[in-house]
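A structural walkthrough
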Amino acid sequence: FRFGNLTMESDRWISVKDSAADGASQVVVIDMHNGNAVNRRPMKAEASLMNPVDNIMALKGSTEGTPGNFVQVFNLDSKEKLGVFQCPTNIVFWR
């Protein structure tokens, strides 16, 4: 794992941004409180973060032709998008 590809915000979730050799990317979330259950989701995000308490994920990415980065927030339990923000500049600090 490289810096920026793996996050562990609490003792509950580990989030990994994984890229395959064919260019396909996915976000892998490991729930440490549910028998290390692995959940894989195909996403083109550059990075991901999990809420330390709830099953909520934030994704950071970029769109070609648009300056800066976007952030999308999803509730993975209800499978709904909670919000999206387009930042006009690149997000440098993503923890």
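Please read all numbers here as calculations on a predicted model, not as lab measurements. (Residues numbered from 1 in each chain as written. Predicted model: local features only at pLDDT ≥ 70, side-chain atom pairs only at ≥ 80, totals over all residues. Heavy atoms only, no water.)

1. Things to note about the overall build of the protein
- Scanning the protein from N- to C-terminus turns up 0 helices and 8 strands.
- For the protein, the succession of helices and strands along the chain, N to C, is β-β-β-β-β-β-β-β.
- Its C-alpha radius of gyration of 13 Å places the protein within 12% of the 12 Å reference for a compact globule of 95 residues.
- Split into buried and exposed, the 95 residues of the protein put 38% on the buried side.
- Intrachain contacts of the protein at a sequence separation of at least 6 include 20% that bridge at least 24 residues.
- As presented, the protein carries roughly 6300 Å² of accessible surface, and 54% of it is formed by carbon and sulfur atoms.
- Taking the average location of the 10 positive side-chain charges in the protein and that of its 10 negative ones, the two points are 3 Å from each other. (Helix = DSSP H or I, 4+ residues; strand = E, 2+ residues; numbered from the N terminus. Rg over C-alpha atoms; globule rule 2.2 N^0.38 Å. Buried < 20%, exposed > 50% of the residue type's maximum accessible area, 1.4 Å probe, protein only. Contact = heavy atoms within 4.5 Å. Areas by Shrake-Rupley, 256 points an atom, 1.4 Å probe, with all protein chains shown as cover. Lys, Arg positive; Asp, Glu negative; His and termini not counted. Charge placed at Lys NZ, Arg CZ, Asp CG, Glu CD.)

2. What about the sheet that holds strand β4 (residues 37–42)?
- As summarised here, the arrangement of the 4 strands in space is β1-β2-β3-β4, forming an open sheet in which the pairing is antiparallel. Every other strand in the sheet has two partners, leaving β1 (6–7) and β4 as the edge strands with one partner each.
- Taken together, the 7 bridges between strand β2 (residues 13–19) and strand β3 (residues 25–31) define a ladder with antiparallel strand orientation. If you follow Lys17 over to β3, its bridge partner there is Val27. (Pairing = 2+ DSSP bridges.)

3. Remarks on the pattern of salt bridges
- Counted according to the given criterion, the structure contains 1 salt bridge.
- Across the salt bridge formed by Asp31 and Arg12, the nearest N and O atoms sit 3.2 Å from each other. Of this pair, Asp31 sits in strand β3 while Arg12 sits in the loop between β1 and β2; the two residues are 19 residues apart in sequence, bridging distant segments of the chain. (Salt bridge = Lys/Arg side-chain N within 4 Å of Asp/Glu carboxyl O.)

4. Side note on the side chain of Asn75
- Mapped onto the elements of the fold, Asn75 is located in strand β7 (residues 69–75).
- The exposure class of Asn75 is buried, given its relative accessible area of 19%.
- Of the polar contacts made by the side chain of Asn75, one reaches the backbone nitrogen of Asp77; its length is 2.9 Å.
- Those residues within four positions of Asn75 in sequence are excluded, and the remaining contacts are Asn55, Ile56, Glu80 and Leu82. (Polar contact = N/O pair within 3.5 Å; in protein donor to acceptor, adjacent residues only side chain to side chain.)

5. Quick word on the confidence of the model for the protein
- Per-residue confidence for the protein averages 87 on the pLDDT scale, and 95% of its residues sit at or above 70.
- Within the protein, β1 has the poorest average pLDDT of any element, 71, and strand β8 (residues 80–87) the best, 96. (pLDDT = per-residue confidence, 0-100.)

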